[in-house]
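Observations on the three-dimensional arrangement
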Amino acid sequence: MALPVENHQEDTIAAVATAMTEAGIGIIRISGPDAIAIGDLLFRDSRMRRRLSTYPANTIHFGYIIDPDMQNACSTESATHHDEIIDEVMVSVMKHPHSYTTEDTVEINSHGGVYLLNRILQVVLHHGARMAEPGEFTKRAFLGGRIDLARAEAVMDLISSRSEFARKVSLEQLEGSVSDKIQNYRSSILYELAFLESALDDPENYDTTGYPQKLDAKLMHLIGDMNQMLKDSESGRILQEGIRTVIVGKPNAGKSSLLNLMSHSDRAIVTDIAGTTRDTLEEQVRVGDLLLNLVDTAGIHETQEPVEKIGVDRAIQAADSADLLLFLLDSADKLSEEDRRIAALVENRVGEGGKAILLLNKSDLYKSDLSPQTTVQDIRTLFKELVPIEKGITFDNKKANIQQGSIPCILFSMKDRTGWRELQQTMEEMFHAGELQSRNEVFLTNERQREAVRNAVQSLELVRGSIADGMSEEFFSLDLMNAYSELGKILGEQVDDDLVEEIFSKFCLGK
């Protein structure tokens, strides 16, 4: 793999590779040309001998870490004063190029604990290593050619994964799912570039009759495949990062109670007094296979009170950027102008590509002597006024077959949890959670990768435009090369040094 930057790693780096907390085990990682020499200086085997430099690669050994500066008249071969021992450890030895970084690497497995890990790290730094920067071990693996940039990004995605879907996608990318797919695209484009170059240099031996039409068909297939990957990746992004789910409704509709129910906690204050929530309140929750970034909002209503007005404005802003709106209506009250205003907000968001579910709360009123003031029929009428039927809006008090742009309505009760299962099933169907996880698709995991593919698609579309305009074959090469280069950015072959630094700076320390 052609590297975008020179790999001049002449220094040796070290960092704690595990969490800095009280734990059973902690790991200090050392990598670079002097890693084994530093390890040899600090490590003693079970018989207190200095032997680490003699160990073969890919082996692990029991012994002790000492501080040489604390020795008193001891030889280079042995230590006799137990006061000099910092901890008993297991030490792993890996040698170039067969290590994570492709460099000589020593990993000290000590007992956990903030003080102990820092104590060993300080000794390592004092004897020749420098503190690693965030992500520098993985950066060296990239610069050493062991992994490409897509695989490097997958390492951090795997560490930060918060759902089974995110874990699976990150692991597949680490194993090469994205890299292999992108390499296939680039190979197809490179084949056409090579043919065009040969045909232009030696037209007598290369027949280009009908070639533009063949190229157009091939590009149409490539563009279709890339666009499908972009579409799948957008759905995957929502499942991976979490669905931004905003609860909206008028004051005292039960929004905070819904947040507490979904998060299995008393996260939000719940009272009979309308307007308790005056700001957005966020909580990350799991519902089945879905990860929700759940946002409780202030009740949306007309108010002149300054603080309330700020809360209402923030609620509207949150709704405008939601992946999913949960619109809570109160069966005990008649539909109001506030409900109609929120319904219009929901309609606009669905029209922009968002999704929504209507929850007709306090459905337990149906089981009592009281009659609900707002019914499913009232909700149906409300949305018929706002949205033409041809937009495919459907209503039901149970889980329905969710079509694109549809808004299901579920009878709901905080009191007896009526509708909770229907809500969970509806959300999973809306976001195709099971379908996405069962399909063996390739998902781009960040915006940098998606932008590169979009740019490549645009360049290939330009080639198709040149073919449609009847332009000469020599005009195809420039846009084909641009597409090839854009895809190379995903692998790290066409990126600037600053971008490499930015990507790895987002990694955790020690990785």
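Residues numbered from 1 in each chain as written. Predicted model: local features only at pLDDT ≥ 70, side-chain atom pairs only at ≥ 80, totals over all residues. Heavy atoms only, no water.

This part covers the sheet that holds strand β10 (residues 290-296). Taking strand neighbours across the sheet as the criterion, the 6 strands line up as β9-β10-β8-β11-β12-β13 in an open arrangement whose pairing is mixed. On the outer flanks of this sheet lie β9 (281-287) and β13 (409-411), each paired with one strand and no other. Adjacent strand axes in the sheet meet at a mean angle of 25° when their direction is disregarded. Sheet analysis places β9 next to β10, joined by 7 bridges and oriented antiparallel. Note that in β10 the partner of Glu283 across the bridge is Leu294. Along the sheet, helix α12 (residues 420-430) makes contact with β9, β10, β11 (324-330), β12 (355-361) and β13, crossing β12 at roughly 175°. (Pairing = 2+ DSSP bridges. Helix = DSSP H or I, 4+ residues; strand = E, 2+ residues; numbered from the N terminus. Axes fitted to C-alpha atoms, helices over the stretch in contact; angles between N-to-C directions. Contact = heavy atoms within 4.5 Å.)

Taken in spatial order, the 7 strands make up an open sheet running β3-β4-β5-β6-β2-β1-β7, and their pairing is mixed. Looking at strand neighbours, the two that pair on one side only are β3 (43-45) and β7 (130-131), the edges of this open sheet. As paired elements, strand β5 (residues 85-94) and strand β6 (residues 105-111) share 5 bridges and run antiparallel to each other. Within β6, the residue paired with Ser92 across the bridge is Glu107.

Scanning the model with the defined rule gives 21 salt bridges in all. Across the salt bridge formed by Arg151 and Asp148, the nearest N and O atoms sit 3.0 Å from each other. Across the salt bridge formed by Lys181 and Asp225, the nearest N and O atoms sit 3.3 Å from each other. Linking Lys181 in helix α6 (residues 177-201) with Asp225 in helix α7 (residues 211-241), this pair joins segments that are 44 residues apart in sequence. By relative accessible area, which is 26% here, Lys181 ends up partly exposed. In the salt-bridge network here, residues are joined through shared partners; they are Asp11, Glu103, Arg130, Glu136 and Arg140. (Salt bridge = Lys/Arg side-chain N within 4 Å of Asp/Glu carboxyl O. Buried < 20%, exposed > 50% of the residue type's maximum accessible area, 1.4 Å probe, protein only.)

With that settled, the discussion passes to the packing of helix α4 (residues 149-160) against helix α5 (residues 164-174). Where α4 meets α5, the axes come as close as 8 Å, and the angle between the chain directions of the two elements is 150°. Taken together, the axes of α4 and α5 are roughly antiparallel relative to one another. Along this stretch, α4 crosses α5, giving a crossing that reads as left-handed. Across from Ala150, Arg151, Glu153, Ala154, Val155, Asp157 and Leu158 in α4, the residues of α5 making contact are Arg167, Ser170, Leu171, Gln173 and Leu174. (Parallel < 35°, antiparallel > 145°, perpendicular 65-115°, else oblique. Left-handed = near helix turned anticlockwise from the far one by under 90°.)

This part takes up a nonpolar patch on the surface. Together, Ile60, Phe62 and Met90 line one region of the surface with nonpolar side chains, adding up to about 260 Å² of accessible area. As for its position among the elements, Phe62 is in strand β4 (residues 59-66). (Patch = residues over 30% accessible without salt bridge, like charges linked within 9 Å, V, L, I, M, F, W, Y side chains within 5 Å. Areas by Shrake-Rupley, 256 points an atom, 1.4 Å probe, with all protein chains shown as cover.)

Let us look at the side chain of Arg448. In this structure, Arg448 sits in helix α14 (residues 447-468). Within the local environment of Arg448, its side chain forms a polar contact with the side chain of Glu153, the two groups lying 2.9 Å apart. Other than its neighbours up to four places away in sequence, Arg448 contacts Leu149, Glu153, Lys489, Ile490, Val495, Leu499 and Ile503. (Polar contact = N/O pair within 3.5 Å; in protein donor to acceptor, adjacent residues only side chain to side chain.)

Turning our eyes to something else, we now look at α12. Looking at α12, one finds that the buried residues are Trp420, Leu423, Thr426, Met427 and Met430. Viewed end-on, α12 has its buried residues packed into an arc of 125°, placing them on one side of the element. If you follow the buried residues of α12, they end up packed against α8 (255-263), β9, β10, β11, β12 and β13. (Arc of directions from axis to C-beta.)

Taking 1.5 Å of rise per residue, 31 residues should cover 45 Å, and α7 covers 44 Å from first to last C-alpha, within 8% of that figure. Once α7 ends, the next one or two residues include Gly242, with phi positive near 110°. (Expected span 1.5 Å × (residues − 1).)

Of all 7 residues in β12, 6 are buried; the element is thus mostly enclosed. As judged from the 7 bridges shared by β11 and β12, these two strands associate in the parallel manner. The partner of Leu326 across the bridge, within β12, is Ile357. One ladder, built from 3 bridges, connects β12 with β13; its direction is parallel. The residue of β13 that forms the bridge with Leu358 is Cys409.

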